[in-house]
Amino acid sequence: DAGITQSPRHKVTETGTPVTLRCHQTENHRYMYWYRQDPGHGLRLIHYSYGVKDTDKGEVSDGYSVSRSKTEDFLLTLESATSSQTSVYFCAISEDPSAGYTFGSGTRLTVV
Amino acid sequence: SQQGEEDPQALSIQEGENATMNCSYKTSINNLQWYRQNSGRGLVHLILIRSNEREKHSGRLRVTLDTSKKSSSLLITASRAADTASYFCATPGRGGKLIFGQGTTLQVKP
């Protein structure tokens with residue numbers, strides 16, 4: 001989607017390795033979010049940010065950490081990847097959450 | 001936590017028919033949003049309805065909101081094959097978070 005890019009688009013990694021996913025925006029939006037999407041669970045919030053260096057946990061934050069050192073980038077790190085973290089990860093941005101989000105195209109992560 | 005629950009989970013119709021999806025939520029909201037997700041893509045914001053609105057239209061989309069029943073419906077009229085996608089409702093949580101339901105998968109057969 002215009003204004004928001006996720007990288008990589010696909011990644012296969014081994015159990016126990018650290019993995020970092022990147023979300024980059026050019027919209028200068030204040031809020032950024034990381035969700036994971038799994039069959040039967042819909043979208044679940046992992047972490048979100050409401051400003052540079054301001055982050056908070058979502059409902060499924062265990063095993064994940066985030067950093068936001070500048071407005072445009074929000075990094076999601078799997079500290080030690082497990083097979084249960086195999087999922088599709090979506091980043092979203094918003095300037096006014098009450099008006100809606102813009103989503104990235106997703107990162108498909110497979111942990112083997 | 002407040003969460004939208006969509007019904008049905010899956011819907012299959014013929015092109016030209018109308019498609020109706022329902023969403024129920026648990027707590028008071030100030031707005032409810034609908035999103036579409038095409039296979040392998042991110043979600044796209046479709047329409048937002050505020051708590052003081054009962055109905056809203058956007059092209060072939062019609063959304064209703066009944067706050068007394070804590071439910072919303074999304075109607076797609078004269079469906080097309082390109083409407084094949086998953087549809088999600090979302091309600092605002094604390095701190096600017098959106099809580100998504102599990103979605104309705106719509107298949108429109110040509």
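Within any chain, residue numbers begin from 1 and follow the written order of that chain's sequence. The order in which chains are written sets their letters, starting at A; the order in which ligands are written sets their numbers, starting at 1. The predicted origin of the model limits local features to residues at a pLDDT of at least 70 and limits the giving and counting of side-chain atom pairs to 80 or more, whereas totals for whole chains, interfaces and linings rest on all residues. Calculation of side-chain values draws on the structure's entire complement of heavy atoms; hydrogens and water are dropped beforehand.

Caption draft 1: Quick look at the interface of chain B and chain A. In this complex, chain B contributes 20 residues to the contact, which on the side of chain A involves 20 residues. Once two parts are joined, some of their accessible surface, as seen by a 1.4 Å probe, is lost; buried area is that loss totalled over both. With both sides pooled, the region where chain B packs onto chain A buries about 1,500 Å², and carbon together with sulfur makes up 51% of that total. The largest per-residue losses of area from chain B upon contact with chain A belong to Leu43, Lys97 and Phe100 of chain B, which jointly make up 28% of the total buried on that side. Salt bridges are counted wherever a side-chain nitrogen of Lys or Arg sits within 4 Å of a carboxyl oxygen of Asp or Glu. In this structure, the connection of chain B to chain A is made through 0 salt bridges. Side-chain atoms alone can form a polar contact between residues adjacent in sequence; in general such a contact is a pair of N or O atoms within 3.5 Å, and within protein one must be able to donate a hydrogen while the other accepts it. Our count for the chain B to chain A interface comes out at 6 residue pairs in polar contact (both at pLDDT 80 or more). Listed by contribution, the elements that provide at least two residues to the side of chain B that touches chain A are strand E4 (31-37), strand E5 (43-50) and strand E10 (98-100) of chain B. In this count, Pro and Cys sit with the nonpolar residues alongside Ala, Val, Leu, Ile, Met, Phe, Trp and Tyr, while Asp, Glu, Lys and Arg are called charged and the others, Gly among them, polar. A breakdown of the residues in the side of chain B that touches chain A according to their chemical character gives 6 nonpolar, 10 polar and 4 charged. Residue contacts are counted whenever heavy atoms from the two residues lie within 4.5 Å of one another. Only DSSP runs of H or I reaching four residues or more are called helices, and only runs of E reaching two or more are called strands; each is numbered from the N terminus.

Caption draft 2: Focus on the state of the cysteines. Residue and element names in this part refer to chain A. The rule for a disulfide is simple: a pair of cysteine sulfur atoms within 2.5 Å. Applying the stated rule across the entire model yields 2 disulfides over all chains. For Cys23, the disulfide goes to Cys91, at an S-S distance of 1.9 Å. One quick way to see it: the torsion about the S-S bond of Cys23 and Cys91 is about -75°, and its sign makes the bridge left-handed. Taken together, the positions of Cys23 in strand E3 (residues 19-25) and Cys91 in strand E9 (residues 87-94) put the pair 68 residues apart, joining distant regions of the chain. Remark: exposure states derive from per-residue accessible area (1.4 Å probe, protein chains only) relative to the maximum for the residue type, with buried under 20%, exposed over 50%, and partly exposed in between. Given a relative accessible area of 0%, Cys91 falls into the buried group.

Caption draft 3: Summary view of the packing of aromatic side chains. Residue and element names in this part refer to chain A. Only centres within 6.5 Å qualify two rings of Phe, Tyr or Trp (six-membered ring in Trp) as a pair; their planes then separate them into stacked at under 30 degrees, edge-to-face at over 60, and tilted for everything else. Tallying each qualifying case throughout the model produces 14 aromatic pairs over all chains. Note on Tyr35 and Phe103: the rings are 6.1 Å apart at their centroids and 45° apart in plane angle, and the pair reads as tilted. In this pair, Tyr35 sits in strand E4 (residues 31-38) while Phe103 sits in strand E10 (residues 102-103), placing the two residues 68 residues apart along the sequence. Here Tyr35 and Phe103 have matching classes, each one buried.

Caption draft 4: Fine view of the sheet that holds strand E7 (residues 61-66) of chain B. All names here are of chain B. In this analysis, strands are considered paired if DSSP registers two or more bridges between them. Spatially, the 5 strands line up as an open sheet ordered E1-E3-E8-E7-E6, and their pairing is antiparallel. On the outer flanks of this sheet lie strand E1 (5-7) and strand E6 (55-58), each paired with one strand and no other. If you compare each strand with its neighbour and ignore which way they point, the axes differ by 20° on average. Here strand E3 (residues 19-24) pairs with strand E8 (residues 71-76) via 6 bridges, running antiparallel. Note that in E8 the partner of Ala19 across the bridge is Ile76. Between N-to-C directions, angles span 0 to 180 degrees; the directions come from axes that are lines fitted to C-alpha atoms, helices contributing only their stretch in contact.

Caption draft 5: Looking closely at the layout of surface pockets. Its boundaries defined by the atoms lining it, the largest pocket holds a volume of some 620 Å³. What lines the largest pocket is a set of 33 residues, and nearest its centre among them are Gln37, Asp38 and Pro39 of chain A together with Gln37 and Ser86 of chain B. Contributing elements (two or more residues each) for the lining of the largest pocket: E4, E9 and strand E11 (107-111) of chain A together with E1, strand E9 (85-92) and strand E11 (104-109) of chain B. At 4 residues, E11 of chain A tops the list of elements feeding residues into the lining of the largest pocket. Residue composition of the lining of the largest pocket, grouped by class: 7 nonpolar, 21 polar and 5 charged. Think of a 1 Å grid over the protein atoms and nothing else: a 1.4 Å probe that fits but is trapped marks a cavity, an open set flanked by protein within 12 Å on at least five of seven lines marks a pocket, and residues with an atom within 4 Å of a point count as lining. Grid points are joined across faces, edges and corners, and a volume is the space filled by probe spheres set on the points.

Caption draft 6: Structural view of the pairing of E8 of chain B. All names here are of chain B. The element E8 is extensively covered by neighbouring structure, given that 5 of its 6 residues are classed as buried. The sheet contact formed by E7 and E8 spans 6 bridges and is antiparallel. Each bridged residue has a counterpart across the sheet, and for Asp66 the counterpart in E8 is Ser71. Hairpin connection of E7 to E8: 4 residues between the antiparallel strands, including Lys70 at a positive phi of 55°.

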